[in-house]
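Descriptive analysis of the structure
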Amino acid sequence: MDSLLLIVLAYLLGSVLFGEHIARAKGIDIRSVGSGNVGATNVGRALGKKYALIVFLLDMLKGLFPVFLARLYFGLESWTLFMVGIASVLGHVFPIFHNFKGGKAVATAFGVLLGVSFKVAFLSLIIWLLVFKLKGYVSLASLVSSASAVFLLILFGFPFKIVLMSLVIASIIFYKHKDNISRLLEGTEHTFSKE
Ligand code: G3P
């Protein structure tokens, strides 16, 4: 397995925006609904929870699969895995198949995390669920959960490259949520169902 090939594959797979394709197949332009985002949350607003779950799983798998291969062929501590994880996320955020206008990469990042550690991914999911239950905002849950993943990886003694990868990914997620952060601070953020 060639390292560069796997990184390119991760980026290309990340560039497939399942939310946009599935919404279009159902006759909806997802970018004109709710937050305008192409992710599972906004697909949920447009098409309901079942489709949100389908998009979440597909976006998650496109992050998990390349990292799984990187781990298998190059190992957890390799720069290849580091690059593959970031490439998947960058693919979703700047997709070559969609004029480089992508989503916020939370589900894809979760897939990457799952490829690194089931334990940390599980705990991050619990944190996501708790914040969502308490506050009702997907964006807030995603932000807290992605930041928590970095701290959990440090806490459990994961290698420097993995921690750095998660830090880069969390920074990308925070950057992509800048409008959500403004709305959260103003008290005008969308809930899961409200447009
Ligand atoms: O995964 C994206 C989520 O954190 C926020 O989505 O549509 O409310 O901006 P949205």
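Reading guide: rules and limits
- Residues numbered from 1 in each chain as written.
- Predicted model: local features only at pLDDT ≥ 70, side-chain atom pairs only at ≥ 80, totals over all residues.
- Heavy atoms only, no water.
- Phe/Tyr/Trp six-rings, centres within 6.5 Å; stacked < 30°, edge-to-face > 60°.
- Helix = DSSP H or I, 4+ residues; strand = E, 2+ residues; numbered from the N terminus.
- Buried < 20%, exposed > 50% of the residue type's maximum accessible area, 1.4 Å probe, protein only.
- Lys NZ or Arg CZ within 6 Å of the ring centre and 35° of its normal.
- UniProt positions renumbered as here; feature names shortened; annotations may be inferred.

Here we take up the packing of aromatic side chains. All chains considered together, the criterion is met by four aromatic pairs. Between Trp-79 and Phe-82, the aromatic rings sit 4.9 Å apart at their centres with planes inclined by 80 degrees, giving edge-to-face as the arrangement. Pair noted here: Trp-79 and Phe-82 are both in helix α5 (residues 79–93), with a separation of three residues, about one helical turn. The partly exposed category is assigned to Trp-79, whose relative accessible area is 48%. With relative accessibility at 10%, the residue Phe-82 sits in the buried group. Above the plane of the ring of Tyr-175 lies Lys-178, whose end atom (NZ or CZ) is 4.4 Å from the centre.

Following the UniProt record, the feature "transmembrane region" (unreviewed entry) maps to residues 6–23, 51–73, 79–97, 109–131 and 151–175 here. In the segment residues 6–23, helix accounts for 83% and strand for 0%; the C-alpha atoms at its two ends are 29 Å apart. Between the end C-alpha atoms of residues 151–175 the distance is 18 Å, and the span holds 84% helix and 0% strand.

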